[in-house]
Amino acid sequence: MSLTASPAPAPRISYGAVLGSPYVARLLSGTLTGRLPNGMAPVAILLLATAGGSSIAFGGLLSALYGLSSALAQPVKGRLMDRHGQSAVHLPAALLNSALLVALPLAGPYGGPGLATAIVVVGGLTTPPLEAGLRALWPSVLPDPRLRHAALALDTGTQGLLYIVGPLLSAALASAYNPAVALAVTAALGLAGTAAVALAPPSRRWRPEPFVGQNAAPARQLATPAVLLLFVSLTGIGFAIGAMNVWSISMAEHHHQDMLSGIIPAAFSTGAFLGGLIYGSRTWTGTTTRRLIIATAAFLAGWLPILALPAPYAATAAVTVPGAFLTIVVACAYVTTDAFTPAGRTSEAYAWLILAIGAGQSAGTALAGRLAEQPLAGAALPAAGAAFALTVLLAARRRLGPTGHMQSGQHRRPLRGRHKTPFSGRNTPTFQPF
């Protein structure tokens, strides 16, 4: 009988422990509230335009411009956070964004379509970069890697709720009162949520971590081959989401059930939320790269049943499966991005990740719109986007894997800073918290 006691298994992480950690509940709820305008503003802008006599096409254009300008500005705002801190970026951005949303109803009577377009574009450019900021805060708020793992999954999984609650809240306010009220509430929620985050001590104290290795100059490079390939793969994930949104509208028109255009995306987001809860509540073996590839393969497999052009109820149930794996893909992508990002550039790197998904989503929406009259082609586009993502990841797995990672020279920490974590696998390098 061995006299050496075997190590006790690590205790299972609960979400109560995560939310009970200092500032976690405030940061998470503040970020979700501050990002509600992402789901509310496009709907409120569209309703405002049509209520003022403009065409649905013009309202849709304004709504799209708001989302596009918000996505395109993410890397710039991430870079500003890395240089000047989070509060210095969040608060001015939230104040200007909220003021512009409140002022938008005045554009019609006084400035016409040109002024409305300008306000919408600048409003999108000034959306606070809360998502990238929160991801950069987790290492300083949760030093325990297992808690950080659960928090990232919870954070990622709850993002889908923004696009369920936000549009419904905008539509309800516009129906009960008018679109101007919906925009005012949108502005107030965005400002309140952003202030809750920006004024929290972790956000006020946060500064990017200085590089401590010997090769500081090469480490300033952000666009390494591994990171570029990862971001290219994520455009395929975004493409699948954008195509799914248009496919749901086609399903609604084909079956004469208008609610399907909202129910199918809501089911997808619900799957993402539940998948995040399950993923974050457990510890996992193996490398992050392996989990990323497996989750992407499952994301692809989840889209295949809709190629059979199922009935509405079956289609609604089917999309919960790829939704469940979306959270795992995105969470692993953030961990991988963090591992390859040089010190002092984390917020910018996260912002590029967000932009990659958003750009893919726009492309998926555009192409699916052109193929909306072809049911099989429309149903195949989400799987095509997922297949593209998986193909790129498989081609890049050596660069993303532990060996390629160690050779890249882009680590935030020198070699002695790597250590093992219960969920990262034997060979995956991880880093000390901020």
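Structure's up top.
Since the structure is predicted, the reported quantities are computational estimates derived from the model, not experimental observations.

Engineer: Teacher, can you tell me more about the packing of aromatic side chains here?
Structural biologist: Pairs of aromatic rings are described using the distance from one ring centre to the other and the angle between the two planes. All told, the structure shown has 4 aromatic pairs when counted by the stated rule. Between Phe268 and Trp303, the aromatic rings sit 5.7 Å apart at their centres with planes inclined by 25°, giving stacked as the arrangement. Taken together, the positions of Phe268 in helix α14 (residues 260–280) and Trp303 in helix α15 (residues 288–303) put the pair 35 residues apart, joining distant regions of the chain. Exposure class is identical for Phe268 and Trp303. Each is buried. Judged by centre distance (5.4 Å) and plane angle (65°), the ring pair of Tyr334 and Tyr350 falls under edge-to-face. Of the two residues, Tyr334 is situated in helix α17 (residues 320–340) and Tyr350 in helix α18 (residues 346–370); the sequence distance between them amounts to 16 residues. Just as Tyr334 is buried, Tyr350 falls in that class too.

Engineer: Which parts of the structure should I look at to understand the pattern of salt bridges?
Structural biologist: Close approach of charged atoms allows side chains with opposite charge to pair. A full pass over the atoms with the stated rule returns 6 salt bridges. A salt bridge links Arg35 to Glu131; its shortest N-O distance comes to 3.1 Å. Residue Arg35 is located in the loop between α2 (24–34) and α3 (36–51), and its partner Glu131 is located in helix α8 (residues 130–141); the two are separated by 96 residues in the primary sequence. For Glu131, a relative accessible area of 15% corresponds to the buried category. Put simply, Glu348 and Arg79 hold a salt bridge, and the shortest N to O gap is 3.6 Å. Note that Glu348 is positioned in helix α18 and Arg79 in helix α5 (residues 74–84), a separation of 269 residues in sequence. Where salt bridges share partners, they join Arg35, Glu131, Arg135 and Asp155 into one cluster.

Engineer: Would you take a moment to explain unusual backbone geometry for this structure?
Structural biologist: The phi angle of most residues is negative, glycine excepted, and most peptide bonds adopt the trans form. Positive phi outside glycine occurs at Tyr23, with the angle close to 75°. Looking at the secondary structure, you find Tyr23 in the loop between α1 (15–20) and α2. Located in the positive-phi region is His256, a residue other than glycine, with phi close to 55°.

Engineer: I would appreciate a short explanation of helix α10 (residues 179–198) in the present structure.
Structural biologist: Along an α-helix, residues three or four positions apart point the same way, because every turn accommodates 3.6 residues. Taking 1.5 Å as the rise per residue, α10 with 20 residues should run 28 Å; its terminal C-alpha atoms sit 28 Å apart, in good agreement. Taken as a whole, α10 has its buried residues at Pro179, Ala182, Leu183, Thr186, Ala187, Gly190, Gly193, Thr194, Val197 and Ala198. For α10, the angular spread of buried residues about the axis comes to 145°, placing them on one side. The inward-facing, buried residues of α10 contact α2, α3, α6 (87–103), α8, α9 (145–176) and α11 (201–205). Two to three positions downstream of the cap, the backbone nitrogen of Ala180 sits 3.0 Å from a side-chain oxygen, assigning the N-cap of α10 to Asn178.

Engineer: Help me understand the environment of Ile241, please; the structure alone is not making it clear to me.
Structural biologist: Relative to the elements of secondary structure, Ile241 occurs in helix α13 (residues 225–255). Sequence spacing of Ile241 and Gly360 is 119 residues, and the spatial spacing of their C-alpha atoms is 8.4 Å. Beyond its immediate stretch of four places on either side in the chain, Ile241 contacts Phe268, Leu326 and Gln361.

Basis of the calculations
Residues numbered from 1 in each chain as written. Predicted model: local features only at pLDDT ≥ 70, side-chain atom pairs only at ≥ 80, totals over all residues. Heavy atoms only, no water. Phe/Tyr/Trp six-rings, centres within 6.5 Å; stacked < 30°, edge-to-face > 60°. Helix = DSSP H or I, 4+ residues; strand = E, 2+ residues; numbered from the N terminus. Buried < 20%, exposed > 50% of the residue type's maximum accessible area, 1.4 Å probe, protein only. Salt bridge = Lys/Arg side-chain N within 4 Å of Asp/Glu carboxyl O. Expected span 1.5 Å × (residues − 1). Arc of directions from axis to C-beta. Contact = heavy atoms within 4.5 Å. Polar contact = N/O pair within 3.5 Å; in protein donor to acceptor, adjacent residues only side chain to side chain.

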